[in-house]
Structure formats: C-alpha cells, structure tokens
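# Architecture at a glance
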Amino acid sequence: MSAPRLEIDLHKIGHNARALVHLLSKKGISVSGVTKAMLGMPAFTTALRTAGVQILADSRLQNISTMRSAGTQSPIWLIRSPMIEEVAQVVEHVDISLNTELDVIAELSKAATAAKKTHGILLMVELGDLREGIMPADLEDIVGEVLQFPNIALMGLGTNLACRSGVSPDAKNMGELTKLANATEQKFAIELPIISGGNSSNLDSILSGADVGRINNLRLGEAILLGCEPLHRQPLAGLHTDAFTLVAQTIESKLKPSQPWGTIAEAAFGAPKSDAPASLQAQGHILQSILALGHMDTDPNGLTPISNVKILGSSSDHLFVETGDALLPIGSEVRFDLNYSALVRAMASPFIEKMLLNRATAT
Ligand SMILES: *Cc1c(COP(=O)(O)O)cnc(C)c1O
C-alpha cells in the first residue's frame with residue numbers, strides 16, 4: 001500500500017447518506033448530494049444513489065463531466081454560478097444551475113435555445129452571509145426579467161448560509177426565504193417547486209425541530225462525508241464520523257532539541273509559530289519524526305492524529321510530530337482523522353492515493 005493515502009469507507013458514507021435522507025424526508029425535505037469534495041468520483045455517486053439520494057450537486061463543471069462520462073443518469077445541479085464561457089456545457093450536462101446574475105442567465109438562455117433544451121435555474125437569495133445571492137429587495141425585478149428568457153425554467157429559490165461569514169440558518173432566515181417564495185409566486189402567478197434552504201449547517205436547526213417554512217431541499221456534502229454539522233462541528237447522532245483516514249509514512253525519526261537554534265526569521269509558511277503546546281517548548285530533547293505529508297497534500301491544521309503522536313508543525317512536504325517515549329520506525333505509518341478543510345485538500349491533491357473500502361454495488 002502506498003502512502004500518503006486517503007482511506008475512504010464508502011459503506012460508512014452510504015450509511016450517513018441514507019440516515020440523512022430518511023430523517024429529512026420525514027420533514028418533507030429532499031437531499032441533493034454534494035459531490036464536489038469527492039470530485040464526482042463514480043464510486044461515491046453510486047454510494048449516494050444506493051442510499052436513496054436522487055439529486056447530485058457539484059460546484060465544478062469538471063466534476064459534473066466526470067459524473068456524466070461515468071454514465072450517471074441522476075439529475076445534476078451546478079451549485080456555483082456558471083462562468084460565462086461554460087454555459088454551453090452547463091446546458092448540456094446540468095439540469096438545474098444556481099444563479100444570481102442576469103448576464104449569465106441570458107447566456108444560459110441562448111445556449112439552451114441553441115441546444116433545443118430547457119435549462120432549470122434556482123435564484124439564490126442573499127440572507128446575510130454575504131456569499132452568493134440576490135438582495136431580497138431586488139428579487140422581484142429579477143424574477144420579472146428571468147421569466148422573459150426563452151428556454152429558461154425558474155424552478156425555485158435557494159440560499160446559502162454559514163459559509164463565508166458563519167451566519168447560522170434558523171427559523172428567522174428560513175422564514176424570510178419562505179415569505180419571498182410566497183410573494184414571488186403571488187406576484188407572478190407561478191409555482192416555485194424547489195425551495196433549497198442551504199447546506200449541512202442547516203441540519204442543527206432543522207433536526208432540533210425549528211420551523212422549516214417552505215424549505216423542501218438541502219444540499220448536503222460535509223454531513224454525509226464527515227457525519228457532523230459544520231456550525232459547531234458536533235457529530236450527528238447515528239452517523240459515522242470516521243469514514244476517512246489519512247495515512248502518512250515516517251521518513252525520519254531522531255532525538256532532537258524541542259527548540260530551534262540560530263537567528264529566527266520567517267519560515268516557509270510565514271512566522272515560525274510553534275504549534276507545540278507550551279509544556280513541550282522547552283523540554284530539552286524530544287523524539288521527533290518527520291512524515292512525508294505536507295501543505296501540498298492537505299491542510300495540516302485540519303488533522304487529528306489517531307495514533308499516539310502530537311503534531312508540532314508542517315512544511316510543503318513534511319509533517320513534524322513528537323512521538324513520546326517511542327521512536328517511530330522508518331517506513332512505519334501514522335494515521336489521522338481529517339476535518340473538512342483537510343479532506344477537500346487531500347481529495348484534490350494528486351499526491352494522495354485514494355483507497356476505496358467497502359464499495360456499494362451499483363443500482
Ligand atoms: C459546497 C456547497 C454546499 C454543501 O455544503 P456542505 O456544508 O458541505 O453541506 C451546498 N451549497 C452550495 C452552494 C455549496 O457550494
């Protein structure tokens with residue numbers, strides 16, 4: 001087995017997806033399974049489908065192409081506003097895209113007309129997180145224009161919170177989205193079948209019984225993968241939080257001083273602040289190992305050792321760990337849990353082997 005590698009337990013991920021689909025269906029909420037962190041990997045989309053996730057959603061057209069090339073028949077949403085030069089491919093591969101700009105929707109309309117297709121859109125509404133979204137006061141005008149575009153079907157509204165600024169989804173902002181949906185329907189005598197209330201960070205409020213208003217869809221990535229909600233990073237009951245393990249190999253093990261010597265200036269990644277707890281900083285010599293894993297591979301700050309080591313610091317290519325009383329043998333492996341930041345970077349790194357465990361059988 002090669003290292004560094006990311007071990008991915010597809011059975012645990014499938015279990016999480018199934019549990020979330022079940023819990024949310026009781027509240028009339030469908031799940032769009034967000035595939036971006038997994039780069040649209042076919043074994044993952046199969047696990048989602050097998051678990052009852054009917055819609056797939058990704059922010060990147062490359063991942064969506066991967067899924068379509070693998071033969072995915074599921075409806076796919078593009079959950080980041082399309083770039084203008086992408087519109088023809090968006091119309092070809094994507095059923096519904098999330099939009100906020102009339103310039104983009106105009107281009108989607110032209111591309112859809114040329115392809116003799118109807119392209120669905122959700123308009124994203126800004127509710128305070130200052131990520132993507134139309135300001136609520138502008139929504140009516142924009143809907144009026146959107147309804148004029150040929151081959152564009154306005155399928156509903158969406159919002160995204162807790163992403164840039166950490167604004168929590170709650171009954172209040174979900175109520176605001178509900179009111180906007182109702183007002184839009186009345187004003188234009190249309191139906192908005194999809195009201196997509198957000199991402200994994202909505203689960204806290206929804207599962208604790210807050211009024212969801214007209215929310216009937218969530219776009220879930222992190223909760224399916226890591227089994228936790230992103231607001232307080234608490235595990236969700238009954239979900240696996242250990243579907244992923246990052247494994248790195250030891251390339252140096254030595255007894256070294258706990259403190260550097262010489263004139264100290266900036267290190268490769270800025271100020272050389274030692275990550276070590278104060279108790280470690282002046283304790284003479286310690287057993288230190290270097291693992292072949294660094295910023296090129298993952299977010300070292302998002303790793304938690306499963307093995308009995310402490311992370312001291314990192315560089316592009318090295319992770320420095322203190323190993324207590326035992327010298328790690330050269331070539332031995334050290335295992336880590338990952339947070340979302342470490343996970344997405346590990347998935348995107350070409351240097352990390354992805355090892356799939358417990359694949360679901362295709363349905
Ligand atoms: C990434 C993303 C999601 C999924 O977020 P999680 O916190 O991983 O559930 C949902 N919606 C949009 C627009 C996204 O970009």
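Everything in this summary refers to the structure shown in the same document. (Residues numbered from 1 in each chain as written. Predicted model: local features only at pLDDT ≥ 70, side-chain atom pairs only at ≥ 80, totals over all residues. Heavy atoms only, no water.)

## Regarding the overall build of the protein chain
Quick note on the threshold: Helix and strand definitions here come from DSSP, where helices need a minimum of 4 consecutive H or I residues and strands a minimum of 2 consecutive E residues; each element is numbered from the N-terminal end. Working definition: with a 1.4 Å probe on protein chains only, accessible area under 20% of the residue-type maximum means buried, over 50% means exposed, and in between means partly exposed. To measure how exposed things are, a 1.4 Å probe is used in the Shrake-Rupley method; for residues, cover is taken only from the protein chains shown. His is not counted, nor are the chain ends, whereas Lys and Arg count as positive and Asp and Glu as negative. By convention, the point assigned to a charge is CZ for Arg, NZ for Lys, CD for Glu and CG for Asp.
Looking only at helices and strands, the protein chain features 11 helices and 18 strands. Burial statistics for the protein chain: of 363 residues in total, 48% are counted as buried. Of the accessible surface of the protein chain, which amounts to about 16700 Å², a share of 52% is contributed by carbon and sulfur atoms. Side chains of the protein chain carry 29 positive and 37 negative charges; the gap between the two charge centres is 4 Å.

## A few points about the site of the ligand
To keep things clear, this is the line we draw: By convention in these notes, a residue is near a molecule or strand provided one of its non-hydrogen atoms lies within 4 Å of it. Contacts described as polar in this section are N or O atom pairs within 3.5 Å, which, within protein, must combine one atom able to donate a hydrogen with one able to accept it, while residues neighboring in sequence count only if both atoms come from side chains. Classification convention: Asp, Glu, Lys, Arg as charged; Ala, Val, Leu, Ile, Met, Phe, Trp, Tyr, Cys, Pro as nonpolar; all other residues, Gly among them, as polar.
As a matter of local geometry, the ligand sits amid 13 residues, with Lys36, Ser200, Arg219, Gly221 and Glu222 nearest to it. Between the ligand and Lys36 there is a distance of 2.7 Å, counted from an oxygen atom to a side-chain nitrogen or oxygen. Contact between the ligand and Glu222: an oxygen atom at 2.8 Å from a main-chain N or O atom of the residue. With the chains in place, 92% of the 390 Å² that the ligand exposes on its own is no longer accessible. Class assignment for the residues of the shell around the ligand results in four nonpolar, four polar and five charged.

## Some words on the packing of helix H6 (residues 139-146) against helix H7 (residues 171-188)
For clarity, the cut-off: To obtain each axis, a line is fitted to C-alpha atoms, and for helices this fit is confined to the stretch in contact; angles are then taken between N-to-C directions over 0 to 180 degrees. Should an angle fall under 35 degrees it is taken as roughly parallel, and over 145 as roughly antiparallel, whereas 65 to 115 is taken as roughly perpendicular and any remaining angle as oblique. Left-handed describes a crossing in which the near helix is turned anticlockwise from the far one by less than a right angle; the clockwise case is right-handed. Only heavy atoms enter the contact rule, under which two residues are in contact if any of them lie within 4.5 Å.
As a packed pair, H6 and H7 sit with axes 11 Å apart at the nearest point and diverge in direction by 50°. Classified by the angle between their axes, H6 and H7 sit oblique to one another. Here H6 runs over H7; the crossing is right-handed. Taken together, the residues of H7 that come into contact with H6 (itself represented by Leu139, Glu140, Val143 and Gly144) are Leu180, Thr184, Lys187 and Phe188. Here the residues of the contact of H6 with H7 are counted per class, giving four nonpolar, two polar and two charged.

## Thoughts on the nonpolar core
Filter applied, for reference: Here, the term nonpolar core denotes a set of buried Ala, Val, Leu, Ile, Met, Phe, Trp, Tyr and Cys residues that are joined through side-chain atoms within 4.5 Å.
Membership of the largest hydrophobic core comes to 86 residues, with the highest contact counts inside it found for Leu6, Ile13, Leu123 and Phe244. No other element matches helix H1 (residues 10-25), which puts six residues into this core. Setting aside its immediate chain neighbours within four residues, Leu123 contacts Asn99, Ile105, Ile134, Leu139, Ile142, Val143, Val146, Leu154, Gly156, Leu157 and Gly158. Counting 10 residues, the second-largest nonpolar core is a separate cluster that includes Val34, Ile55, Ile79 and Leu122.

## Examining helix H11 (residues 340-348)
Counted only if it meets this: Relevant arc is that of directions from the helix axis to the C-beta atoms, nothing else.
For H11, the set of buried residues is Ala342, Leu343, Ala346 and Met347. Considered in projection along H11, the buried side chains sweep an arc of 125° and stay on one side of the axis. Where H11 is buried, its residues meet strand S1 (5-9), helix H9 (222-226), strand S12 (244-257), strand S14 (303-305), strand S17 (333-338) and strand S18 (353-357). Among the residues of H11, the N-terminal cap falls to Asn339, whose side-chain oxygen and the backbone nitrogen of Ser341 are separated by 3.1 Å.

## Considering the packing of H1 against helix H2 (residues 42-50)
Following both chains from N to C, one finds H1 and H2 inclined at 40°, their axes separated by 8 Å at the closest point. Taken together, the axes of H1 and H2 lie oblique to each other. Pair H1 / H2 crosses with right-handed handedness. Each of Leu10, Ile13, Gly14, Ala17 and Arg18 in H1 lies in contact with H2, whose residues at this interface are Ala43, Phe44, Ala47, Leu48 and Thr50. For the contact of H1 with H2, the residue count by class is seven nonpolar, two polar and one charged.

## Points about H6
Every buried residue of H6 is listed here: Leu139, Ile142, Val143, Gly144 and Val146. Those residues of H6 that are buried lie in contact with helix H5 (102-114), strand S6 (119-124), strand S7 (152-158) and H7.

## Considerations on the side chain of Asn173
Mapped onto the elements of the fold, Asn173 is located in helix H7. A polar contact of 2.7 Å, which involves the side chain of Asn173, links it to the backbone nitrogen of Asp170. What Asn173 contacts, discounting residues up to four positions off in sequence, is Leu127, Leu161, Val167 and Ser168.

## Description of the side chain of His295
Inspection of the secondary structure assignment puts His295 in the loop between strand S13 (285-292) and S14. A polar contact is formed between the side chain of His295 and the side chain of Ser314, at a distance of 3.1 Å. Setting aside its immediate chain neighbours within four residues, His295 contacts Phe269, Pro300, Ser314, Ser315, Ser316 and Arg345.

## Structural notes on the environment of Glu107
Within the secondary structure, Glu107 sits in helix H5. Considering only alpha carbons, one finds Glu107 and Pro82, 25 residues apart in sequence, at a separation of 9.9 Å. The contacts of Glu107, once residues within four sequence positions are left out, are Ile84 and Val87.

## Side note on the environment of Glu126
Structurally, Glu126 is set in the loop between S6 and H6. Residue classification places Glu126 among the buried residues on the basis of a relative accessible area of 9%. Measuring from C-alpha to C-alpha, the distance between Glu126 and Leu161 comes to 8.6 Å, with 35 residues separating the pair along the chain. For Glu126, the residues in contact, after removing those within four places along its chain, are Arg131, Glu132, Gly133, Ile134, Met135 and Pro136. Of note is the side chain of Glu126, whose polar atom sits 2.8 Å from the backbone nitrogen of Leu130.

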